[in-house]
Amino acid sequence: MSKIIIVGAGAIGNAAAYYLAKTGVQVTVLEKSPYIGNGGSSRNGGGVRQSGRHPAELPLVMYGVKNIWPSLSDELGMDIEYYREGNLRLGKTEQHLEILRGLVKNAQAGGLDMRMVDSAEARELCPYLSGEVIGASWCPTDGHANPLLVTLAYYSAARRLGVTFVSGAQVTALRKLRGRVTAVVTADGTVYEADGVIVAAGYDSRKLLGSVGLDVPMNPVVLETLVTEESPPLFYQMLGTAMADFYGHQSTHGSFVFGGTHGLEPYADGSRTVGSSISASSTCRGIIGFFPVLKELKILRTWAGVIDDCADHIPVIGNPAETPGLTVGCGFSGHGFGLSPVAGLLLSQLALGQETALPLDKFRCDRFKAKV
Ligand SMILES: Cc1cc2nc3c(=O)[nH]c(=O)nc-3n(C[C@H](O)[C@H](O)[C@H](O)COP(=O)(O)OP(=O)(O)OC[C@H]3O[C@@H](n4cnc5c(N)ncnc54)[C@H](O)[C@@H]3O)c2cc1C
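Residues numbered from 1 in each chain as written. Predicted model: local features only at pLDDT ≥ 70, side-chain atom pairs only at ≥ 80, totals over all residues. Heavy atoms only, no water.

**Q** Before we move on, could you go through the sheet that holds strand E6 (residues 135–139) and cite the residues and values that matter?
**A** In spatial order, the strands read E5-E6-E4-E14-E15-E16-E13-E19; together these 8 strands make up an open sheet with mixed pairing. Of all the strands in the sheet, just strand E5 (115–118) and strand E19 (299–310) have a single pairing partner and so form its edges. Neighbour-to-neighbour, the strand axes of the sheet open up by a mean angle of 25°, direction not taken into account. Inspection of the sheet shows strand E14 (residues 238–241) paired to strand E15 (residues 246–250) by 2 bridges, in the antiparallel sense. (Pairing = 2+ DSSP bridges. Helix = DSSP H or I, 4+ residues; strand = E, 2+ residues; numbered from the N terminus. Axes fitted to C-alpha atoms, helices over the stretch in contact; angles between N-to-C directions.)

**Q** Break down the packing of helix H1 (residues 11–22) against helix H6 (residues 147–160) for me, with residues and values.
**A** Where H1 contacts H6, the two axes come as close as 8 Å, and the packing angle between them is 30°. By the angle between their axes, H1 is roughly parallel relative to H6. Helix-helix and strand crossings are classified by hand; for H1 and H6 the assignment is left-handed. Where H1 abuts H6, its residues Ala-11, Asn-14, Ala-15, Ala-17, Tyr-18 and Tyr-19 lie against Thr-151, Tyr-154, Tyr-155, Ala-157 and Ala-158. Its residues assigned to classes, the contact of H1 with H6 shows 9 nonpolar, 2 polar and no charged. (Parallel < 35°, antiparallel > 145°, perpendicular 65-115°, else oblique. Left-handed = near helix turned anticlockwise from the far one by under 90°. Contact = heavy atoms within 4.5 Å. Nonpolar A, V, L, I, M, F, W, Y, C, P; charged D, E, K, R; others polar.)

**Q** Break down the packing of aromatic side chains for me, citing the residues and quoting the values.
**A** Counted under the stated rule, the structure contains 13 aromatic pairs. When the ring of Phe-235 is compared with that of Phe-291, the centres are 5.5 Å apart and the planes differ by 25°; the resulting orientation is stacked. Placement of the pair is Phe-235 in the loop between strand E13 (218–228) and E14 and Phe-291 in the loop between helix H8 (279–290) and E19, with a sequence separation of 56 residues. Considered together, Phe-235 and Phe-291 belong to a single accessibility category, that of buried residues. Pairwise contacts between aromatic rings join Tyr-128, Phe-235, Phe-246, Phe-256, Phe-258, Phe-290 and Phe-291 into one cluster. Here the guanidinium or amino end of Lys-92 rests over the ring plane of Phe-290, the centre of that ring lying 4.1 Å away. (Phe/Tyr/Trp six-rings, centres within 6.5 Å; stacked < 30°, edge-to-face > 60°. Buried < 20%, exposed > 50% of the residue type's maximum accessible area, 1.4 Å probe, protein only. Lys NZ or Arg CZ within 6 Å of the ring centre and 35° of its normal.)

**Q** Tell me about the environment of Ala-157, and please be specific about residues and values.
**A** Positionally, Ala-157 belongs in helix H6. The exposure class assigned to Ala-157 is buried, which follows from its relative accessible area of 3%.

**Q** Describe the site of the ligand, listing the residues and the values that go with them.
**A** Taken together, 39 residues form the shell around the ligand, and within it Glu-31, Ser-41, Val-171, Gly-336 and Gly-338 come nearest. Within the side chain of Glu-31, an N or O atom sits 2.6 Å from an oxygen atom of the ligand. Here an oxygen atom of the ligand and a side-chain polar atom of Asn-44 are 3.2 Å apart. In isolation the ligand offers 1000 Å² of accessible surface; the protein chains occlude 95% of this area. Every element with two or more residues in the shell around the ligand is listed here: H1, strand E2 (26–31), E13 and E19. Sort the elements by how many residues they give to the shell around the ligand and E19 lands first, with 3 residues. (Near = heavy atom within 4 Å. Polar contact = N/O pair within 3.5 Å; in protein donor to acceptor, adjacent residues only side chain to side chain. Areas by Shrake-Rupley, 256 points an atom, 1.4 Å probe, with all protein chains shown as cover.)

**Q** If you had to explain the pattern of salt bridges to someone new, which residues and values would you point to?
**A** All told, the structure shown has 10 salt bridges when counted by the stated rule. Put simply, Arg-53 and Glu-57 hold a salt bridge, and the shortest N to O gap is 2.8 Å. A salt bridge links Arg-115 to Glu-121; the nearest nitrogen and oxygen atoms lie 2.8 Å apart. (Salt bridge = Lys/Arg side-chain N within 4 Å of Asp/Glu carboxyl O.)

**Q** Explain the nonpolar core to me, and be specific about the residues and the numbers.
**A** Generally speaking, a soluble globular protein has its nonpolar side chains buried in company with each other. Counting 57 residues, the largest nonpolar core has Ile-6, Leu-60, Trp-69, Tyr-154 and Ile-317 as its most contacted members. Counting residues per element, the ones that place at least two in this core are strand E1 (3–7), H1, E2, helix H2 (58–67), helix H3 (72–76), helix H4 (94–109), H6 and helix H9 (340–351). The dominant element in this core, judged by the number of residues it contributes, is H1, at 8 residues. In terms of nonpolar packing, the next biggest core, distinct from the first, is built from 23 residues, Val-7, Val-181, Val-197 and Val-216 among them. (Core = buried A, V, L, I, M, F, W, Y, C linked by side-chain atoms within 4.5 Å.)

**Q** Give a detailed account of the sheet that holds strand E11 (residues 191–193), specifying residues and quantitative values.
**A** The strand order across the open sheet formed by 3 strands is E9-E10-E11, and the pairing between neighbours is antiparallel. Looking along the sheet, the strands with just one partner apiece sit at the ends: strand E9 (171–177) and E11. Neighbour to neighbour, the strand axes of the sheet diverge by 30° on average, direction disregarded. Here 6 bridges tie E9 to strand E10 (residues 180–186), and the two strands are oriented antiparallel to one another. Bridging from a neighbouring strand, Leu-177 pairs with Arg-180 of E10.

**Q** Hey, could you go over the domain arrangement of the chain for me, with residue numbers and the actual values?
**A** How big an interface is tends to be stated in terms of the accessible area lost upon association of its parts. Domain assignment breaks the chain into domain 1 (3–65 + 147–217 + 312–368) and domain 2 (85–141 + 219–310). A separation of 28 Å is found between the C-alpha centroids of domain 1 and domain 2. Taken together, the contacts link 26 residues of domain 1 with 24 residues of domain 2. Buried surface at the junction of domain 1 and domain 2, summed over both partners, amounts to about 2000 Å²; 59% is from carbon and sulfur atoms. Linking domain 1 with domain 2 are 12 residue pairs in polar contact (both at pLDDT 80 or more). Top element by residues in the side of domain 1 that touches domain 2 is H2. It accounts for 3 residues. When the residues that make up the side of domain 1 that touches domain 2 are grouped by side-chain class, the tally is 10 nonpolar, 12 polar and 4 charged. (Domains from an automatic or database assignment. Buried area = accessible area lost by both parts, 1.4 Å probe.)

**Q** For the environment of Val-316, give the residues involved together with the corresponding values.
**A** Tracing the sequence through the fold places Val-316 in strand E20 (residues 316–318). Taking the C-alpha atoms as reference, Val-316 lies 5.9 Å from Gly-331; in sequence the two are 15 residues apart. For Val-316, the residues in contact, after removing those within four places along its chain, are Val-216, Val-328, Gly-329, Cys-330, Phe-363, Cys-365, Arg-367 and Phe-368.

Shown next as structure tokens:
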């Protein structure tokens, strides 16, 4: 394989482009937006989390946290503001602690260093917790990074290695030539040809894959995030709750970035939820309940992004058997940022027909086919 097209310039497409270019492959990345990284990759909460992962995803994210994230700033030549300061998932009731114990049990079964801490130890780790917190789960190797910088750093490093990025290029269909997916067509009718194609276009991947007869059952789901004004440094752990109703961290320059699911409203047809005028204030009320110290901080900005929520909430990462030449990376279901370096690496290996760094059987596209 000497030429590969990647559809989608998010963190995952850009990472795949970088790892491919490192092997000397000629790469063209096509991005529908006028901006690089205008999807979930620049809108997410920055969590690089192993705790609370689906057991299938755990080995992937653990590989990334062990082998890629710690040296990524050096490798890409840009400070991506990665902190490996741990993740506290907080509980206020016995029911919360029961949920957290279940997460700890699953994580330990997968070999992750994670345990329960009582309220005193939780406060030693993060002295700013509300008195209502009665316990937490603790994963010392979780962390966070700046998603804008990660996406930009992969893009910049890929460009230095000669990758071509074409923005404003919306791919409308994949094309098979002589039985292999080796071309794509963009909205203006341009045909791009290569030796193989990687689709890493988030939720839009579903429509593109449909053009060659594949279906990945995904739904678009809106998530909201907010950023506060700067505050003096308080703590650098990633924070979450047993009910997963909010999560967040303090960034390098002092702002807190929080995501949450409070105050979302049903879409008109009831099929999904969308942000509403009360989402941010509802999330903030929830956060202040855990961190009263933050109650005077002003919110600077809120934004929303769409996730590609797969039917079984884990991604598709693979080469579908019926479409040689095609590599698929989508369905990251709202947790693809923490996976982005390892997902990019694995997609590059798949596209080159190499043995992958980790087994990918659980992420095959054909897991959704009817069993006969
Ligand atoms: C609000 C929010 C908070 C989140 N928080 C976290 C978190 O804390 N931790 C975590 O791990 N994950 C989080 N996520 C999920 C994470 O952002 C995504 O899983 C990840 O960014 C997926 O990367 P990607 O490159 O696959 O997708 P994207 O970043 O969405 O990139 C896909 C790209 O493809 C382009 N594209 C689409 N269709 C076409 C087409 N037809 N032709 C050409 N280009 C196309 C899009 O414009 C886009 O740039 C969050 C997501 C959101 C929205």
